[in-house]
Amino acid sequence: METIGQQYIYDQCGDHALQEIEKMFDSVPFTKDFHSGNLTNREYYQRHLLEAVIRIGFNNDVDTYCLHKIISSHTSVARKLLDYLKEEYGHDSMIAKDLEKFGISEADILNTEPLFSTKLLIAFMYYEIDKEGALPTVIWNWFVEWYSHRYNMTITLKAEEEFGINKVRNSLSHLKIDDELTHEDDMTSALALLIQNKNDLKKAKSYLTNYIQLIGMYFQELYDSTIGASKQTSSATVPYLEDCLQSSNK
Ligand SMILES: [Fe+2]
């Protein structure tokens, strides 16, 4: 059987993910500056953390569902997924501690409706697990770790600069823990168990394309509901102010 090495899989998936992310940077407002550490925004950053907490909870459910599907048929992949789930479990509460510093409580998190793009992402994963088994879950987890390793420290350090260390302390600890746990390497080795030929690699890249399209939708929704909404509000107040000024001049 044709086999391909772990480093090759990492490089190929990484190059593909980067290409798709660059497309997102070109088409979705604020993403390029946010990910390069040039800019941040309080409302945008808060909602981004909040959605991360919500999504991690759903991801735990998805990983558990996938485990239930593969635990007796793909034991080597199942073991890696089980270890990953065990180590990641509870990391959402670390991020939630930083949200508290922004005035967002646990009850607020529980009462927040996920963004539409998050619902689509999660529903898509369940659909693909039923159809394809472990690959859609493992490539998503790999992408999350690859993305986090590449961008989250930059995003968090910019937030520290703007909002202070108290509001990012737990996020920084989380990044340090994830790094020490070598999750990116673990997910690459799980991927190597599933990607055995060029066709499997093509399928994994196709999932990356789909996921990054959904992440692009997410960042557009995030922008529209925070920075975009504030811009609309401030431009909507201008005609009102003009009316007031005109009537005061009469
Ligand atoms: Fe984590």
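Not measured: the values here are computed from a predicted model.

Trainee: Break down the overall build of the protein chain for me, with residues and values.
Mentor: What the protein chain contains, in helices and strands, is twelve helices and zero strands. Mapped in sequence order, the helices and strands of the protein chain form the string α-α-α-α-α-α-α-α-α-α-α-α. Across its three principal directions, the C-alpha atoms of the protein chain cover 85 × 35 × 30 Å. Sequence separation of 24 or more characterises 82% of the internal contacts of the protein chain that already satisfy a separation of 6 or more.

Trainee: Help me get a handle on the nonpolar core, residues and values and all.
Mentor: Val138, Ile139, Phe143, Leu191 and Leu208 are the most contacted members of the largest nonpolar core, which has 31 residues in total. Mapped by element, the contributors of at least two residues to this core are helix H1 (6-27), helix H3 (42-70), helix H4 (75-88), helix H7 (116-132), helix H8 (135-163), helix H10 (183-194) and helix H11 (198-225). With eight residues, H8 is the largest single contributor of residues to this core. Setting aside residues up to four positions removed in sequence, Leu208 forms contacts with Cys13, His16, Ala17, Glu20, Ile139 and Phe143. The next biggest cluster of nonpolar side chains, apart from the first, holds 18 residues, and it includes Tyr44, Tyr45, Leu50 and Val53.

Trainee: Would you mind going over H8 in detail, with residue names and values included?
Mentor: Every α-helical turn comprises 3.6 residues, leaving residues that sit three or four positions apart pointing alike. The sharpest bend along H8 measures roughly 45° and falls at Tyr151. Gly164 occupies a position one or two residues after H8 and carries a positive phi of about 100°.

Trainee: Can you tell me about the environment of Leu175, naming the residues and giving the values?
Mentor: Summarising the element assignment, Leu175 is placed in helix H9 (residues 169-180). Remark: the alpha-carbon pair of Leu175 and Asn199, spanning 24 residues in sequence, is separated by 33 Å. Every residue in contact with Leu175, bar those within four places of it in the chain, is listed here: Asn152, Met153 and Thr156.

Trainee: Before we move on, can you summarise H4 with the specific residues and values?
Mentor: In this model H4 runs 20 Å from its N-terminal to its C-terminal C-alpha over 14 residues, within 8% of the 20 Å that 1.5 Å per residue would give. For H4, the complete set of buried residues consists of Val77, Lys80, Leu81, Tyr84 and Glu88. Taken around the axis of H4, the buried residues stretch over an arc of 95°, which confines them to a single face. Opposite the packed face of H4, turned more than 90 degrees from it, sit the exposed residues Thr75 and Lys86. On its buried face, H4 sits against H3, helix H5 (91-101), H8 and H10.

Trainee: Could you give an account of unusual backbone geometry, with specific residues and numbers?
Mentor: Positioned with a positive phi, Phe30 is a non-glycine residue whose angle comes to about 80°. Topologically, Phe30 is positioned in the loop between H1 and helix H2 (31-36). Positive phi, normally seen in glycine, also occurs at Thr182, with a value near 50°. Its place among the elements puts Thr182 in the loop between H9 and H10. Residue Thr182 is classed as partly exposed on the basis of its C-beta count, with 13 C-beta atoms lying within 10 Å.

Rules behind the numbers
- Residues numbered from 1 in each chain as written.
- Predicted model: local features only at pLDDT ≥ 70, side-chain atom pairs only at ≥ 80, totals over all residues.
- Helix = DSSP H or I, 4+ residues; strand = E, 2+ residues; numbered from the N terminus.
- Contact = placed C-beta atoms within 7 Å.
- Core = buried A, V, L, I, M, F, W, Y, C linked by C-beta atoms within 7 Å.
- Buried ≥ 20, exposed ≤ 12 C-beta atoms within 10 Å, placed from the backbone.
- Bend = angle between axes of the 7 residues up to and from the residue.
- Expected span 1.5 Å × (residues − 1).
- Arc of directions from axis to C-beta.

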